[in-house]
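Observations on chain architecture
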Amino acid sequence: MPGFALSTLFAVAIASKAFAQPDPADPTPLTDKQYAYPTGIPYQVDNVPNAIRGPQVGYNICNSTTQNQQSMCQTLMMNNIGDFCLWAPPQPNSTIGDTEQEEVAWCSKSGWGTRLIPAGVLTGVQVLKTSKYIQFAGFIDQTQVDLQAGDYGGELDPHGADLRGNPLGGLVYSNAFPSNNGNNNTFQQVMDWNSFIGGNQFCFTICDPSTSSADQSAYCQNTYDEIGCTYNMPNNAQNGTFEVCDADLKTPVGIYVTNGVTMTYTQPYTGVPSPPYTPVVPSSSNCVTYKSTDLYTGLPTPTGASTSTSTGSSGSSGTGTKSSSSAGATSTSNSAAAIGVSSVAGILGTLFAMAFLS
Ligand SMILES: *[C@@H]1O[C@H](CO)[C@@H](O)[C@H](O)[C@H]1NC(C)=O
Ligand SMILES: *[C@@H]1O[C@H](CO)[C@@H](O)[C@H](O)[C@H]1NC(C)=O
Ligand SMILES: *[C@@H]1O[C@H](CO)[C@@H](O)[C@H](O)[C@H]1NC(C)=O
Ligand SMILES: *[C@@H]1O[C@H](CO)[C@@H](O)[C@H](O)[C@H]1NC(C)=O
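Rules used throughout
- Residues numbered from 1 in each chain as written.
- Chains lettered and ligands numbered in written order.
- Predicted model: local features only at pLDDT ≥ 70, side-chain atom pairs only at ≥ 80, totals over all residues.
- Heavy atoms only, no water.
- Disulfide = S-S within 2.5 Å.
- Helix = DSSP H or I, 4+ residues; strand = E, 2+ residues; numbered from the N terminus.
- Buried < 20%, exposed > 50% of the residue type's maximum accessible area, 1.4 Å probe, protein only.

Identification of the protein as Macrofage activating glycoprotein from Pisolithus tinctorius Marx 270 is taken from an unreviewed UniProt entry.

Next up, the structure:
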């Protein structure tokens, strides 16, 4: 399918920020489009005739009328462990690679005018709160949010080659930052964020909009889209555990210290990424654990077709189902080191080969 191959090539080609260029039809980057919640939000933030990509498939005004499992809401909430959303496809059995510009909000709680993540589908979530960002990571039966079983997924962020974001026009809000002054009923727009979903895992970082734009760029980096949660959002989320912790800041993806010298790794433009370091999970404290049945209530029953997620459609050979995804939250052990660099590179190699064969 030429469409798939093209969009994949496009995605690979734009891995470097240096190649991102605004679409002349809409030169304002999504990260600069600010709207007060909820009354300032337009029906579509990306209503741009003649744009190269597009149009935006959904809408940004979301309310009780749009609260259903066919919702095309693209305004996403990240409030707390019981009340957050993920970007996932609008049609069943989709891959992120094919649908990145179309993802819609799937939420753990009713009330935001979105689809709901069905009951029991989130099987472990870790929230790490830091002084500059909040990181959500965990485990999900991805077929229940319209991903194809075995899709290793990819990155979604508010940048993209044309700076219009993936999904196009996707907005993110939160009441979780101290800069919101503890007011749970008002919501700050999160200008920079980053997320991965695939391999039955996810991670999502929201950068505190009150911090410097340099910090937001560093902690919500978007140019390492092929090395997953493992490198972008080191975590020790456990399948079966729901916890919220305070945490130290991560070392921004790509930065590492060797022999006392700080080095920067850049994801290559082509070829298989092979980062020369092992990411470190920041230390955390004050962890509070929850029962999922206390956190997630009033959710729809999962649909029947959620069984055989154990083997991927084609990329599964030599890869476990747990730790080897491109989304790659840490699985069973306490350290991101559980996912060896070579294993990550191996899967990426498979993905890469698949992209060019498609
Ligand atoms: C509810 O959302 C829909 C879809 O965005 C919009 O057309 C409609 O005007 C909204 N209703 C209200 C009362 O805001
Ligand atoms: C999902 O799509 C794949 C690839 O097109 C296909 O092989 C598979 O049968 C589909 N699965 C379902 C449940 O429709
Ligand atoms: C706001 O929500 C948090 C949950 O994240 C809760 O702990 C806190 O008590 C709430 N604050 C108020 C004032 O309701
Ligand atoms: C998480 O645990 C559930 C069982 O509770 C299991 O079905 C699922 O495959 C696990 N997910 C991953 C990614 O290991």
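After that view of the structure, there is still more to cover.
Details of the state of the cysteines
Scanning the model with the defined rule gives 5 disulfides in all. Two residues, Cys85 and Cys107, share a disulfide whose sulfurs are 2.1 Å apart. One quick way to see it: the torsion about the S-S bond of Cys85 and Cys107 is about 90°, and its sign makes the bridge right-handed. You can see Cys85 sitting in strand S2 (residues 83-88) and its partner Cys107 sitting in strand S3 (residues 104-107), a full 22 residues away along the chain. Residue class for Cys85 comes out buried when judged on its relative accessible area of 0%. Accessibility expressed as a relative area gives 0% for Cys107, which makes it buried. The disulfide partner of Cys245 is Cys287, and the S-S distance across this bridge is 2.1 Å. Taking the sign of the S-S torsion, 110° for the link of Cys245 and Cys287, the bridge is right-handed. In this pair, Cys245 is assigned in strand S12 (residues 242-247) and Cys287 in strand S15 (residues 284-290), connecting sequence segments 42 residues apart. Of note for the protein: the bonded cysteines, numbered N- to C-terminal, pair according to 1-2, 3-4, 5-8, 6-7, 9-10.

Description of unusual backbone geometry
Most peptide bonds are trans, and most residues other than glycine sit at a negative phi. Here the amide bond leading from Gly54 into Pro55 is cis, since omega sits at 5°, within 30 degrees of zero. Secondary-structure assignment places Pro55 in the loop between helix H1 (2-13) and strand S1 (75-80). Cis geometry is found at the peptide bond from Asn166 to Pro167, where omega equals 5°. Within the element layout of this structure, Pro167 appears in the loop between strand S7 (154-156) and strand S8 (171-174). In this structure, Asn93 takes a positive phi of about 60° despite not being glycine. You can see Asn93 is positioned in the loop between S2 and helix H2 (96-99).

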